[in-house]
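One letter stands for each residue in the lines below.
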Amino acid sequence: MKVKKYTAPTMPEAMKKVRAELGQDVVILNSKTIQTGGFLGLFKKKQIEVVAAVEPEPVKKSSIQPKKEVSFSSREKKSASNEQNQTVVLEELRSLRQWIESQSQESDTVYPAAFESLINDLTEQDVSLDIAKEVVDEVYQSIHEENITYHEAKSNLKNHLSSIFETYQSGEVKHDKKFIHLVGPTGVGKTTTIAKLAANSLLNEHKKVAMITTDTYRIAAIEQLKTYAKILNIPIEIAYTIDDYKQARDQFKDYDVVYVDTAGRNFRDSKYVEQLGEIVDLKHDIDTYLVLSLTTKPDDLMEIYDQFHKVPLKKLIFTKIDETATYGVVLNLVKKNHIGVAYMTNGQDVPDDIKLAKPSYLTELLLRFDDYDS
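Rules used throughout
- Residues numbered from 1 in each chain as written.
- Predicted model: local features only at pLDDT ≥ 70, side-chain atom pairs only at ≥ 80, totals over all residues.
- Heavy atoms only, no water.
- Axes fitted to C-alpha atoms, helices over the stretch in contact; angles between N-to-C directions.
- Helix = DSSP H or I, 4+ residues; strand = E, 2+ residues; numbered from the N terminus.
- Parallel < 35°, antiparallel > 145°, perpendicular 65-115°, else oblique.
- Contact = heavy atoms within 4.5 Å.
- Nonpolar A, V, L, I, M, F, W, Y, C, P; charged D, E, K, R; others polar.
- 1 Å grid on protein atoms, 1.4 Å probe; cavity = no way out; pocket = protein on both sides within 12 Å on 5 of 7 lines; lining within 4 Å.
- Points joined across faces, edges and corners; volume = space filled by probe spheres on them.
- Domains from an automatic or database assignment.
- Pairing = 2+ DSSP bridges.
- Expected span 1.5 Å × (residues − 1).
- Buried < 20%, exposed > 50% of the residue type's maximum accessible area, 1.4 Å probe, protein only.
- Arc of directions from axis to C-beta.
- pLDDT = per-residue confidence, 0-100.

Novice: Lay out the packing of helix α4 (residues 129-143) against helix α11 (residues 328-337) with the relevant residues and their values.
Specialist: Relative to each other, α4 and α11 sit at 75°, their axes nearing to 10 Å. Taken as axis vectors, α4 and α11 run roughly perpendicular relative to one another. The residues of α11 that touch α4, namely those facing Ile 131, Glu 134, Val 135 and Glu 138, are Leu 331, Asn 332 and Lys 335. Class assignment of the residues belonging to the contact of α4 with α11 gives a composition of three nonpolar, one polar and three charged.

Novice: Break down the layout of surface pockets for me, citing the residues and quoting the values.
Specialist: By volume, the largest pocket is sized at about 240 Å³. Every residue lining the largest pocket is counted, 15 residues in all, and those nearest its centre are Pro 112, Ala 113, Ala 114, Glu 146 and Ile 148. Taken together, the elements giving at least two residues each to the lining of the largest pocket come down to α1 (11-22), β3 (45-54) and α3 (113-124). Of all the elements, α3 adds the most residues to the lining of the largest pocket, at three residues. Residue composition of the lining of the largest pocket, by class: nine nonpolar, four polar and two charged. Mapped onto the domain boundaries, the lining of the largest pocket takes at least three residues apiece from domain 1 (2-54) and domain 2 (113-168).

Novice: Can you break down the sheet that holds strand β8 (residues 286-293) residue by residue, with the values?
Specialist: Pairing is mixed across the open sheet formed by eight strands, whose spatial order is β6-β5-β7-β4-β8-β9-β10-β11. Sheet topology places β6 (236-238) and β11 (354-356) at the edges, where each strand pairs with a single neighbour. With strand direction ignored, the average angle separating the axes of adjacent strands in the sheet is 25°. Relative to strand β7 (residues 257-261), strand β5 (residues 209-213) runs parallel, the two sharing five bridges. Paired with Met 211 across the strands is Tyr 259, a residue of β7. Sheet contacts for helix α7 (residues 219-232): β5, β6 and β7; angle to β6, the most-contacted strand, approximately 160°.

Novice: Quick one: what's the story with α7, residue by residue and with numbers?
Specialist: Because an α-helix packs 3.6 residues into every turn, residues spaced three or four apart end up facing the same way. Counted at 1.5 Å a residue, the expected span for α7 with its 14 residues is 20 Å, and the 20 Å between its end C-alpha atoms agrees. Every buried residue of α7 is listed here: Ala 221, Ile 222, Leu 225, Tyr 228, Ala 229 and Leu 232. For α7, the arc enclosing every buried residue in end-on projection is 125°, short of the 170-degree limit, so these residues lie on one face. Exposed side of α7, more than 90 degrees from the buried face: Ile 219, Ala 220, Lys 230 and Ile 231 are the residues found there. On the buried face of α7, the contacting elements are α6 (190-203), β5, β6 and β7. Two residues or fewer past α7, Asn 233 is found with a positive phi of approximately 60°.

Novice: With reference to specific residues and values, describe the confidence of the model for the protein.
Specialist: Scored by pLDDT, the protein has a mean of 79; 74% of the residues are at 70 or more. Mean pLDDT per element in the protein: helix α9 (residues 272-279) is the minimum at 56, and α11 is the maximum at 94. Here residues 369-374 is a poorly scored stretch, pLDDT under 50, and it has eight contacts once near neighbours within four places are set aside; other chains count.

Novice: An account of unusual backbone geometry is needed here, citing residue identities and associated values.
Specialist: Although it is not a glycine, Asp 126 sits at a positive phi angle of roughly 75°. As for its placement among the helices and strands, Asp 126 is situated in the loop between α3 and α4. Exposure remark for Asp 126: the relative accessible area of 32% places this residue in the partly exposed category. Even without glycine at this site, His 338 takes up a positive phi of about 55°. Relative to the assigned elements, His 338 resides in the loop between α11 and β10 (341-345).

The structure is reproduced here in structure tokens:
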């Protein structure tokens, strides 16, 4: 198999080169957008790189008849030569297979350069490759424009991403239930987040607010929440058991909204959710939000979500957005699990460093549009 790489300003030009040299039976192994030329990192040009392969034509048999009698030593030499040739072919095939496997994460579909660039942009934001391909393909199939510019393609992607977040009602928070539970692993900032939510409900929405904490594993967390409650002048109860929790619920039955802080544990502990259900009621008259930190590894975030799949989650809350520059995991979780995002937090200040996760805001984080209007 003959494998060769070609570059050209556009896909049609690249394919013209490919077919001119390798013919019509060529197989495209991979295509992608690359940057070439430039000076000191500036003025680089986008090019399309295409890797193509073609089977060589079979060698024609010689018209000269082989000798009937071959000496033993000649047969040995011929056998050794054949074995050597087979080894070379096998090595070439093995190398080709390894190369193809190494390129398996590249796009299977040959997209115009603008769409290939968008896939690269999304994966650089930690969007998983399969999700990046999926959303870009959805845009490509909707317009199917081969000569579209990068800016036009990105504008279409912006609208599409915004519609995805709208579909799952990101940024739309309705306190349909009186009790709001925050769950999640340790260290993601649940206690600070719950203080921000309580302060917002009290100061901006003018609601009658109370708090319950079941995080009895960390004395510091209890004291921290008590401090916030004192500053806001709202009541707080500590629940060590399910009976304590039920008693606190009864005590706050006349309040508009009650925020419940839960203990953060090792998310790989399979008993965590089960133990959580032994202390708080996860089914009756409550909305549960899963709090996740954007500084957590993408694969770990997926694992954390899977750990809580038995809990009826209302929406997600992402913290520490000011401590990272990539936000693709937000799209990964929303798209894969069909769940919206309620809030994003970006600091320790209560109640300021929290905002609604509106579709336009999430899209701006992902694509960094200069014309974003908050």
